[in-house]
Amino acid sequence: MLTSLLTKETIALNVEAEDWMDAIRKSAQPLLANGSIEPRYIDNMIQAVKDLGPYIAIAPGVAIAHAKPEQGVVRMGMSLATLKHPVSFGNTANDPIRLVLTLAAQDHDAHLNAMGDMVELLGSPDRFQRILDARQLDEVCACLKEGEQEANA
């Protein structure tokens, strides 16, 4: 599933973000560009963090931005952005954040499946570091494919 969602078109490396809100906006841009989300989805992701706190910072260095499907998801999509300079999301256990994933799921089941795939991918510290260190999109795509093959083995 991951390699069908995270492609060269939906991955951005060394993104410069001023703060956590800018990191979410920039991570979501590929999904906006390919029509997976409406502009309001970005606002709703940011508002969710303002309302609920930095719950999207799910692991050291990683945030998964998302909102409810009815808040602007057009079709299933996912994007990944590595940040040139880590940013704080206000989660002391997991800050600073270096990788922001944006998830656009059309329903609860798709959301859980995509989250499970990401947890499995990021469960490998070596693979996670290789993604952070990647300078070429092909390197990230290779890591994703490797993780998917291990999961299916």
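Residues numbered from 1 in each chain as written. Predicted model: local features only at pLDDT ≥ 70, side-chain atom pairs only at ≥ 80, totals over all residues. Heavy atoms only, no water.

Caption draft 1: Highlighting helix 3 (residues 39–52). For helix 3, which comprises 14 residues, the first-to-last C-alpha distance of 21 Å matches the rise-based estimate of 20 Å (1.5 Å per residue) to within 8%. Turning to helix 3, its buried residues number three or more, namely Tyr41, Ile42, Met45, Ile46, Ala48 and Val49. Take helix 3 and look down its axis: the buried residues cluster within an arc of 150°, on one side only. Residues of helix 3 that are exposed and angled more than 90 degrees away from the buried face: Pro39, Asp43 and Asp51. Downstream of helix 3 by a residue or two, Gly53 has a phi angle that is positive, lying close to 90°. (Helix = DSSP H or I, 4+ residues; strand = E, 2+ residues; numbered from the N terminus. Expected span 1.5 Å × (residues − 1). Buried < 20%, exposed > 50% of the residue type's maximum accessible area, 1.4 Å probe, protein only. Arc of directions from axis to C-beta.)

Caption draft 2: Expanded view of the nonpolar core. In this structure, Ile24, Met45 and Phe89 are the most contacted members of the largest nonpolar core, which totals 26 residues. What Met45 contacts, discounting residues up to four positions off in sequence, is Ile24, Ala28, Ala65, His66, Ala67 and Thr102. Core analysis: the next-biggest nonpolar cluster, separate from the first, contains 25 residues, Ala105, Leu121, Phe128 and Ala134 among them. (Core = buried A, V, L, I, M, F, W, Y, C linked by side-chain atoms within 4.5 Å. Contact = heavy atoms within 4.5 Å.)

Caption draft 3: Main features of the pattern of salt bridges. Per the counting criterion, the structure on display carries 7 salt bridges. Lys8 serves as the salt-bridge partner of Asp138, at 2.6 Å between the closest nitrogen and oxygen. Remark: Lys8 occurs in the loop between helix 1 (2–5) and strand 1 (11–15) and Asp138 occurs in helix 6 (residues 137–152); sequence separation between them is 130 residues. Relative accessible area serves as the criterion here: at 48%, Asp138 is assigned to the partly exposed category. (Salt bridge = Lys/Arg side-chain N within 4 Å of Asp/Glu carboxyl O.)

Caption draft 4: Geometry of the environment of Glu16. By the secondary structure assignment, Glu16 is in the loop between strand 1 and helix 2 (20–33). When the C-alpha positions of Glu16 and Lys26 are compared, they lie 8.6 Å apart, and in sequence the two are 10 residues distant. Contacts of Glu16, omitting those with residues within four sequence positions, involve Asp22, Lys26 and Lys84.

Caption draft 5: Fine view of helix 5 (residues 125–133). Of all the residues in helix 5, the buried ones are Arg127, Phe128, Ile131 and Leu132. Seen from one end, helix 5 has its buried residues packed into an arc of 140°, which puts them on one side.

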